Each structure stands twice: as C-alpha cells, then as structure tokens.
Amino acid sequence: MRITQSIIMRSLLQNVNSSKENINKHQTAIATGKEVRNSSSNPVRFARASRFRKTISRNEQYLKNINDAKGWLDTTTSLLDDISSTMIDAKEIAIQAADESNNAEDRRMFADKIDSVINDTINLANSTYLGKYVFGGTNTLGDKPFSYDGVTVTYNGNSQNIDRRIAENYNVSINITGSQLEDTNLFSSLVDLRDALNSNDTTSIQSSIENLSSTSEELFSLTSALGSVKNQLTMTEKRLDTANMNLSSYLSQTEDVDLSKAITEYNAEEMTYKAALSTTSDAIHLNLLEFIR
Amino acid sequence: MSISSILNITKQALADQRSAVNTVAKNISNINTDGYKRRRIDLNSHQAMFNSKVTADNITRIRQRFVENQLFYENQNLGKYQTDEMIMTQIENIFGEPLESGLSNIMSEFWNSWGDLANDPESQYARTIVRDKGVSLSKTFNRIYSDLDNINQQINKDIQDKVNQVNQIVDQINSINKQVSANNSDDLMDQRDLLISNLSNLINIDIREGLNGKVTISTDGQILVSNGYVNNLSVNISREGSITTANIQLVDGKSLVDINSGELGSLIEINNRYIPDYISKLNTLASSIAEQVNAIHSKGYSVDGTTGINFFADDVTGANNLRVSDEVFSDPSVISTSSLINEPGDSSIAQSVFDLQFYQGVEGNTVFDFYNTIIGQIGNQVQESGFLKKSQEMVVQNLKNQRDSVSGVSLDEEMVNLIEHEQAYQAAARMVSTVDEMMQTVLNML
C-alpha cells in the first residue's frame, strides 16, 4: 500500500485519541469508584442497581417505622408497669384496711387513699407520647381518653388498633386501647374497693382484694403481649438489616469498580499511550526531507 | 537537423521540467488540503530526431472513484451516529440519573415522606414535609419536561439550519456543475468532491457522475441537482400539544422526502420519534401518579376532619402541569391520613399512599419500574449509538486511508520527483551551454 503523510497522521491521531479516551475512562472509574455511573455505561447493570437502591430505601423506611413503633411500645410498656404498681399499692391499702382493728372511720380514710390511687391511675391512663394519647385507640388527640367525675370512670376513646407497616404486607398493632384496659376491670375494681371501704363492708373489701389480684394478672398479660410484638419488631429489624447489608454488597458488586483490575488496566493503557506519543513524535519527522541536504 | 532545432527542443525541455516542478510544488503545498487529489504530469517522449513537440500540458488528477463513492455513503451513517450519540447523551443528562436530583431519588423521597406521615399521622410537621416533597416531585417532572421541550426546540432550529446548509451546498454544486462543463478544471472538481462529502454528512444521497463530468445528486429518489436543474429542500414543523413533527419536502413538487441518514436524518428521527416517546411516557407516569394518589387521598380525613380533597391538582394531564393542589399547597394540614373521621391516630390512608409505589398501576408496572424502563431505553440508545459511531469512524477512516493511498500526496514521492526534475532541468540547461559551445565552434570555423 502506498502510504502518504495524511494516512500516517490520521492513524497516529486515531491511536493517540483512543488511548487517551481509554485512559480517561479508567481514570474516571478509579476516581469515582463506580464503573456503572449512568444508564448508558451499562443499561442492564444500571437497571439492576436502581432496583437494589429502591429496595434499600424502602427497607430503610421500614426500619424507621420499626424504630418509631418501638418508642411507642416502650412507652406503653412502662406505663402499664406504672399502672401495675398502683394496683399493688391499692392492694396493700386494701389489706391494711381489711384488718379487724379498723373501724368505719379508719376505712373512710383508706377510701380517700384509694380515691387518690384512682386519680393517679387515670393520669397514667391519660398519658401522652409525642403529644398523642397512648390509650385512646385511634382517638389520639382531643378529649382525654378517661374522665373521672369522683364517682365513676368513663372511657371516651375507641377500640381501634394503631397499625404500623414493618415489612412488605406485614402490619403490627402497637397500641393497647382504653377498652382493653377497661377489660382488666382496672377501674371497676378500684371503684368497688373505694365503695366497699366507704360503706365499711369487709366482705366486699375481701372480694376487692381478689379482684385487684386478677386485674394485676390481666395487666401483666397485656404487657407480655406487647413484649411479643416487640420481639416481632426486633426480629424484623434484624432481618431488614441483614437484607440491606446484602443488598448494599450486591449494589457494590453491580456498579462499583474492581480497583485492582481497573488500576492494572489503567497502567497498561498508560504504557500504550506513552508508546503512541513517542512513535508519533518520531514518525512526524520521518520523511525524505530529513535526509537530503 | 540544424543546431538551432536542438536549442528548440532544450527550450521545450526546460519549460517541461519547470512545469513538472510546478506540479510537485502544488502537490506539496496542498499536502494537508482536505479533498485535494494529487496531480501527476505526463510527459510524452521527447523526440530529438525530428521536429517533434514536447507535450507537458497533460496533468492528471489521480483518483479512485469506487472508494470515493463508498466514502460518501459511509459518511452519511457517520453523521447520523455522531449526532445520535451527542443528542441522546444530552437527553440522558436531562434525566440526571442516578444523581440526588434525579427523578428516582425524588420519587423515593416523596413516598418515604408518606411512610413518615403514616408513623406520625397526627403531625402537622410531617404533613408539611409531605407537601414539600410533593412540590419537589412536581417541580422535577416540570423541569425534565421543559428541558426535553427546550432540546426539542433546539433540534427544530437545528433541522432548519441543516436544511439551509443542504440547500447552500446543492446550489454551490449546481454552479460548479455549470463551470465544469465549460472548463474542465481539476481544482473545481476537488472543490465539488469536498462539497459532496459535506453534503453526505448531512443527508442520505445518491451520486451519479455523468460522462460530461457533471454529477447528479438525489435523495430518497428525488433529484436535488442534475444537468442545470436544482431543487431545494424545505422543512415543515407541525406542533401538536407538546409534540413536534418535522417533515422535509421538495420546494417544488411539495412531495415529502424521507431523510433517514446523515446529521439531518438523526435530528429528524430524534425529533419525530424519540422525544415524543419520552415525553408521552413521562406524561403517563406523572398523570398516573396524580390520579392514583388523588383517588386514595380524597377518600381520607385530616386531623381536622376535612375530606374529599385532592393531593395533586385535579386537572393534571402530564409532566408539564403536575402540581400539588392549591388546598394542600396553601395549608398542608388538610392532607388526609385517616380512613375514618375523628380518628387522628388512624394512618391507613397515608399507608395506602405509601403502598402505591408497589402497586403495578402504570401500564402494568410500578412507578419505579416504569421510570427505570425509560432510563434503560435511553441508556441503551446512547450506548448503541456510541458503539455504532465508533465502528463507523473506523470504517470511514479505513476508506479515507484507501482513498489517500491513491489520491493523497506522499512527501517522499514528491521529493524524489523534485530531485528527478531538478536534475533533468540541470541537464537541459547543460544542453543549452553545450549547444552554445557548438555554435562558437562553428562560428570560429568561419
């Protein structure tokens, strides 16, 4: 083939340019740490990476939900514990009052004590978490869930559960409603005890003590139900954490650069580039003009 | 034979070699001229015996017609792939994936804000966040739409420019055609080849070279320039809503011309096919998000008990007018979370909106899958056009090398020619002095 100056220059430029292009490609990959930086660099892998990213972000939302739910559960559990301990106080008062040495006057004093226990319990049952009533069902705002007119206790909330999504198609109820509290006979046994003390009815006082015991047991079973919900949360949290760890490593495998490979390729390309440059500078001067004088 | 006749031949030889050196000089000075084809001087045999003439006026332009025509053809594809890659890369950048400002991240944030609201359905703060994320989702759709629209208008302008360029080149070729028939100038032919090469970068053309040296150029079977006849192209851009269609016609005859290659072919394909496709998919996505969110949202209740309110404006038709409804925009407290009135702790509506992202409600896909399909499609097109461009560059380069191997100027060759002719010139000059001496000798004899 007859080789002209233009052919030589064209090939040299082409070699230098393509080397430069490859160097730039490897260099950006190494600098950014990403081999798949946009859809066009590898559409299939980019689409996969997008799905991984989406799933990771969704799981992070679930983890946030779990965290919020745990806060609510912990508050509820500690409130139930507090209520249980007021039950124990009430029971102690009842046992003291049941003693034969007490007369009607003494028992009225004990009744006043029980009355303040009732008020304490009402306050606990009306507690809020982040400004929301804990025991009001889904009536979390507005009127307090329980009101006490000095004679009877009324529940103003509803019996709706508060649900939280903690994983795909997986909801858990995180609240104890006021109705569930009422079902433990919490207030009725206290009110009955107070009335029995006021009327100095020792038989009723005795049966109230038993009622208080069964209320305590039922409160305890509510607490343990919450405990099992919290277990579910913790297990799901662990599962999501593991899933996200795996997904992150898949994501990295999909879009990140294999550094050792990239650096090796970069070095090889650098050598090619240098060779192209040095042959270019030689070849440009290579013609007859250099030799005839 | 007289001595003076020898002088005559030498005189001719001197002129002859001078003109050969002149050709070498012309070749060397045009070594880097695009489209220049080297000249060769054909010297006829010098007959000193009889009173013959030396003819040195036969300068030939060395060319390889087959390779040249091939080059014109491959140039069309190169122009197309280059433009394809350039504009598709611009379009890919508009979508800006996987940056923070990209739609997939903004959509994730929007839906996660509903997840946060579902955790805290009584909160006004969480509602403000949901409203803000809704606004930024809308703005992102609006931005991508208007960027696509801008690029579309830019392309419309480019199409007009390219058509003007085509017409200019066609007119120039026509005027060269006329001159060539009067005067068979090599320089004009070079210039014409260069014009045809530029034209082949712009549109798909067929070239026929007639015996009279004139060329006939046609596109899509319609003659643009032929023996004294010239026809220009015109462009007709029609706009329907957000979609523009560009049609190329002949100025006379008004028949449509299918330009499917070259830079113009690429611009028209992107303008008429790809951009409308992306815009309509984007519109589908935006309106379906608005529709689905509204359908759930309007059924729910806010903390204050308001209901029946749309989250997105109810007249959303696409990505260009997606926006949060005025009610929600001015007062985020009307955002509904609960499926029952006066149950602020219930978050089933917020939860349902959150779950929408997993619902296959956009032509059988989830919003994310639908969007990723668009991104994948664009990525594929950028990748493919880049690949085609690269291989086409190699094809064109090889053809250019083949052409230059015949038509290009080789410096070595020209230097050898120069020395050869220089020496011949010196020899001829020596002839003159020899003849002079001979004349002296003859004169001295008298």
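Placed above this text is the structure.
Bear in mind that the values here come from a model prediction, so they are computed numbers and not experimental data.

Enquirer: Looking at this structure, I do not really get the overall build of chain B. What am I missing?
Expert: For chain B, the helix and strand inventory stands at ten helices and nine strands. Taking 2.2 N^0.38 as the reference for a compact globule, 446 residues should give roughly 22 Å; the C-alpha atoms of chain B span a radius of gyration of 37 Å, well beyond that estimate. Reported as C-alpha extents along the three principal axes, the dimensions of chain B are approximately 145 × 45 × 30 Å. Once local pairs closer than 6 in sequence are excluded, the contacts in chain B between residues at least 24 apart make up 69%. Counting every atom, chain B has about 20400 Å² of accessible surface; 50% of that belongs to carbon and sulfur.

Enquirer: When you look at the sheet that holds strand β9 (residues 256-257) of chain B in this model, what are you seeing that I'm missing?
Expert: By way of backbone hydrogen bonds, the strands of a sheet pair with one another, either parallel or antiparallel. Residues and elements named next belong to chain B. A sheet is described by the order of its strands in space; here three strands give the open sequence β7-β8-β9, paired in antiparallel fashion. If you trace the sheet from one side to the other, it starts and ends with β7 (233-240) and β9, each paired once. Pairing of β7 with strand β8 (residues 243-250), which is carried by eight bridges, proceeds in the antiparallel orientation. By the bridge assignment, Glu-240 is partnered in β8 with Ile-243. The sheet contacts of helix α4 (residues 124-182) involve β7 and β8, and relative to β7 the element is tilted by about 165°.

Enquirer: Just checking my understanding: could you explain the interface of chain B and chain A for this structure?
Expert: By a widely used convention, the size of an interface equals the accessible area lost when the partners come together. Counting residues at the interface gives 54 residues for chain B, matched by 45 residues for chain A. Here chain B meets chain A over a buried area of about 4000 Å², counting both sides, of which 50% is carbon and sulfur. If you sort the residues of chain B by the area they bury against chain A, Asn-119, Gln-397 and Ser-405 of chain B come out on top, with a joint share of 13%. Summed over the shared surface of chain B and chain A, the number is seven salt bridges. In this structure, the salt-bridge partner of Asp-116 of chain B is Lys-64 of chain A, at a minimum N-O distance of 2.9 Å.

Enquirer: Would you mind showing me how to read the pattern of salt bridges here?
Expert: Oppositely charged side chains can form a pair if their charged atoms are brought close together. Applying the stated criterion across every chain, the model contains 38 salt bridges over all chains. Across the pair Lys-390 of chain B and Glu-21 of chain A runs a salt bridge whose closest N-O atoms are separated by 3.1 Å. With Lys-390 of chain B in helix α9 (residues 367-407) and Glu-21 of chain A in helix α1 (residues 5-32), the pair connects residues from two separate chains. The class of Lys-390 of chain B is partly exposed, set by a relative accessible area of 45%. Residue class for Glu-21 of chain A comes out partly exposed when judged on its relative accessible area of 44%. Across the pair Glu-270 of chain A and Lys-274 of chain A runs a salt bridge whose closest N-O atoms are separated by 3.8 Å. Taken together, the residues Glu-270 of chain A and Lys-274 of chain A, both in helix α7 (residues 259-285) and four residues apart, mark about one turn of the helix.

Enquirer: Honestly, the environment of Ser-385 of chain B in this entry has me stumped. Any pointers?
Expert: All names here are of chain B. Looking at the secondary structure, you find Ser-385 in helix α9. Separated by 296 residues in sequence, Ser-385 and Thr-89 place their C-alpha atoms 9.7 Å apart. A polar contact is formed between the side chain of Ser-385 and the backbone oxygen of Val-382, at a distance of 3.1 Å.

Enquirer: Where do I start with the pairing of strand β5 (residues 163-167) of chain A in this structure?
Expert: Each regular strand shows side chains that alternate between the opposite faces of the sheet. Residues and elements named next belong to chain A. Within β5, four of the five residues are buried, leaving the element largely enclosed by the surrounding structure. Examined bridge by bridge, β5 and strand β6 (residues 170-173) share four bridges and lie antiparallel to one another. Its bridge partner lying in β6, Arg-165 is registered against Asn-171.

Enquirer: Before we go on, may I ask you to explain the packing of helix α1 (residues 3-29) of chain B against helix α10 (residues 411-445) of chain B in this structure?
Expert: The packing of two helices is summarised by the inter-axis angle and the distance between the axes. All names here are of chain B. The contact between α1 and α10 brings their axes to 9 Å, and the two run at 160°. The angle between α1 and α10 falls in the class roughly antiparallel. The way α1 lies across α10 gives a crossing that is left-handed. Within the contact of α1 with α10, the residues separate by chemical class into 22 nonpolar, five polar and two charged.

So, how was this worked out
- Residues numbered from 1 in each chain as written.
- Chains lettered and ligands numbered in written order.
- Predicted model: local features only at pLDDT ≥ 70, side-chain atom pairs only at ≥ 80, totals over all residues.
- Heavy atoms only, no water.
- Helix = DSSP H or I, 4+ residues; strand = E, 2+ residues; numbered from the N terminus.
- Rg over C-alpha atoms; globule rule 2.2 N^0.38 Å.
- Contact = heavy atoms within 4.5 Å.
- Areas by Shrake-Rupley, 256 points an atom, 1.4 Å probe, with all protein chains shown as cover.
- Pairing = 2+ DSSP bridges.
- Axes fitted to C-alpha atoms, helices over the stretch in contact; angles between N-to-C directions.
- Buried area = accessible area lost by both parts, 1.4 Å probe.
- Salt bridge = Lys/Arg side-chain N within 4 Å of Asp/Glu carboxyl O.
- Buried < 20%, exposed > 50% of the residue type's maximum accessible area, 1.4 Å probe, protein only.
- Polar contact = N/O pair within 3.5 Å; in protein donor to acceptor, adjacent residues only side chain to side chain.
- Parallel < 35°, antiparallel > 145°, perpendicular 65-115°, else oblique.
- Left-handed = near helix turned anticlockwise from the far one by under 90°.
- Nonpolar A, V, L, I, M, F, W, Y, C, P; charged D, E, K, R; others polar.

Interpretation note: all reported values are geometric properties and have no functional meaning in isolation.
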